[in-house]
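Residue-level structure breakdown
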Amino acid sequence: METSYLKAGQIAAEALEFGKKLIKENVTLLSVAKQVEEKIFQLGGRPAFPVQLSKNEIAAHFCPLDEVEIFENGDLVKLDVGVHINGFIADTACTVSVGGGNLELIKASNDALNDAIQKMTPGTTLGEIGAGIQEIINAYGFNPIKNLSGHQIKQFELHAGLSIPNFKNNSSVELEEGQVFAVEPFATTGEGFVKDGRPSGIYSIIEIKPTRAGREILDFIKREYNQLPFTSRWLMKRFPEFKVSSSFRFLEREGVVKQYPQLPERSNGIVSQAEHTVIVKRKPLVITKLI
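These numbers come from a predicted model, not from an experiment.

**Overview of the pattern of salt bridges**
- Here the structure, examined in full by the defined rule, presents 12 salt bridges.
- Among the ionic pairs, E17 bridges to K20, the shortest N-O distance being 3.5 Å. In this pair, E17 and K20 both sit in helix α1 (residues 2–22), 3 residues apart, roughly one turn of the helix.
- By relative accessible area, which is 30% here, E17 ends up partly exposed.
- Exposure remark for K20: the relative accessible area of 33% places this residue in the partly exposed category.

**A few points about helix α3 (residues 103–118)**
- The terminal C-alpha atoms of α3, which comprises 16 residues, lie 23 Å apart, in line with the 22 Å expected from a rise of 1.5 Å per residue.
- Buried residues of α3: L105, I106, A108, S109, A112, L113, A116 and I117, and no others. Summarising the axial view, the buried residues of α3 lie within an arc of 160°, below the 170-degree limit, and thus occupy one face. Among the exposed residues of α3, those oriented more than 90 degrees off its buried face are L103 and Q118.

**Comments concerning the pairing of strand β11 (residues 199–205)**
- Counted residue by residue, β11 has 6 buried out of 7 residues, so it is predominantly covered.
- Where β11 meets strand β13 (residues 257–261), 4 bridges bridge the pair, whose relative direction is antiparallel. Residue pairing in the sheet places Y203 in a bridge with Q259 of β13.
- Examined bridge by bridge, β11 and strand β12 (residues 230–231) share 2 bridges and lie antiparallel to one another. Bridge pairing in β12 places I202 opposite T231.

**A look at the packing of helix α5 (residues 215–225) against helix α7 (residues 241–253)**
- One can describe the packing of α5 onto α7 by two numbers: an axis separation of 9 Å at closest approach and a directional angle of 85°. Our classification of the angle between α5 and α7 gives roughly perpendicular. On α7, the residues touching E216, I217, L218 and I221 of α5 are K243, V244, S247, F248 and L251.
- Within the contact of α5 with α7, the residues separate by chemical class into 6 nonpolar, 1 polar and 2 charged.

**Comments concerning the sheet that holds strand β15 (residues 271–273)**
- Pairing within the open sheet is antiparallel, and its 3 strands lie in the order β6-β10-β15. Pairing within the sheet leaves two strands with one partner each, and these edge strands are β6 (143–144) and β15.
- α3 rests against β10 (186–188) and β15 of the sheet, and its axis sits at about 40° to β15.

**A look at the environment of Q10**
- Among the structural elements, Q10 can be located in helix α1.
- Considered as a pair, Q10 and V83 are 73 residues apart in the sequence and their alpha carbons are 9.2 Å apart.

**A few points about the sheet that holds β11**
- Pairing in this open sheet of 3 strands is antiparallel, and the strands run β12-β11-β13 from one edge to the other. In the strand order of this sheet, the two ends are held by β12 and β13, each with one partner.
- Taken strand by strand, α7 contacts β11, β12 and β13, and its axis lies near 95° from that of β13.

**Here we look at the nonpolar core**
- Counting 38 residues, the largest nonpolar core has I23, L53, F71, L79 and V81 as the members making the most contacts within it.
- Mapped by element, the contributors of at least two residues to this core are α1, α2 (29–42), β4 (76–85), β5 (88–97) and β9 (180–183).
- Ranked by residue count, the leading element in this core is α1, at 7 residues.
- Not counting residues within four places of it along the chain, the set of residues in contact with L53 comprises I23, L29, V32, A33, F62, P64, F71, V77, K78 and L79.
- Counting 24 residues, the second largest nonpolar core, distinct from the first, contains L76, L113, I136 and I137.

Cut-off values and rules
Residues numbered from 1 in each chain as written. Predicted model: local features only at pLDDT ≥ 70, side-chain atom pairs only at ≥ 80, totals over all residues. Heavy atoms only, no water. Salt bridge = Lys/Arg side-chain N within 4 Å of Asp/Glu carboxyl O. Helix = DSSP H or I, 4+ residues; strand = E, 2+ residues; numbered from the N terminus. Buried < 20%, exposed > 50% of the residue type's maximum accessible area, 1.4 Å probe, protein only. Expected span 1.5 Å × (residues − 1). Arc of directions from axis to C-beta. Pairing = 2+ DSSP bridges. Axes fitted to C-alpha atoms, helices over the stretch in contact; angles between N-to-C directions. Parallel < 35°, antiparallel > 145°, perpendicular 65-115°, else oblique. Contact = heavy atoms within 4.5 Å. Nonpolar A, V, L, I, M, F, W, Y, C, P; charged D, E, K, R; others polar. Core = buried A, V, L, I, M, F, W, Y, C linked by side-chain atoms within 4.5 Å.

This is how it looks when you write it as structure tokens:
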């Protein structure tokens, strides 16, 4: 199990580093997403979720679906990459400034992440980790996003069980040896909350139900992605666009799949993110750092 996590982590780290270098002015978001996903396959992994490239006030869940949107000077881009090996997931993210702005905001989330990693030891409480994240981000003059959190990871479960708060919530729940978490502080110039935005094009299965309409699409999703998130864009490599669109409309209506919303900061504050996947040990094991 740990071997699979470590392999997924190294692939995710390489893919993230590769993707960072592609984010430049006038480059399309979709071209970067496709190249990073292809890199994951080339390195022997599979995407644990679609590559996300969330700009500026969008904190998470921006999945490019067309060639229209480009990176512009001044953009602050969250690159979020997930990789799995046999369902064992590594989740990592960084923030890239196009043009060199908002460096203090980036540093706030990075420093908060580094502090949190040091606390990922057996017996540490979730409240202690969240308090440290908030203290560091506030010290920079920014706010943590309180309704986004890090998350426990299990095989084929990206969000499993416990959450790592990004603020002081006084939780007394203690970490245990061997647990796996994605730790991801978000810092913002805004008030510190996200809201539901536009549809993202990212989906996951909610419940398998007997249905004829959309059955071929659903069977493919179950076989290829299990319980992990996926995007309609991936399905269009195999099926005609009209078939994907009509099947997804039916499956959403029937409660078989759900579509995630984009997550903009509620007051339109600019957002930075930093993320690593960590195995809880006496000496925390960060699996998404390049060796």
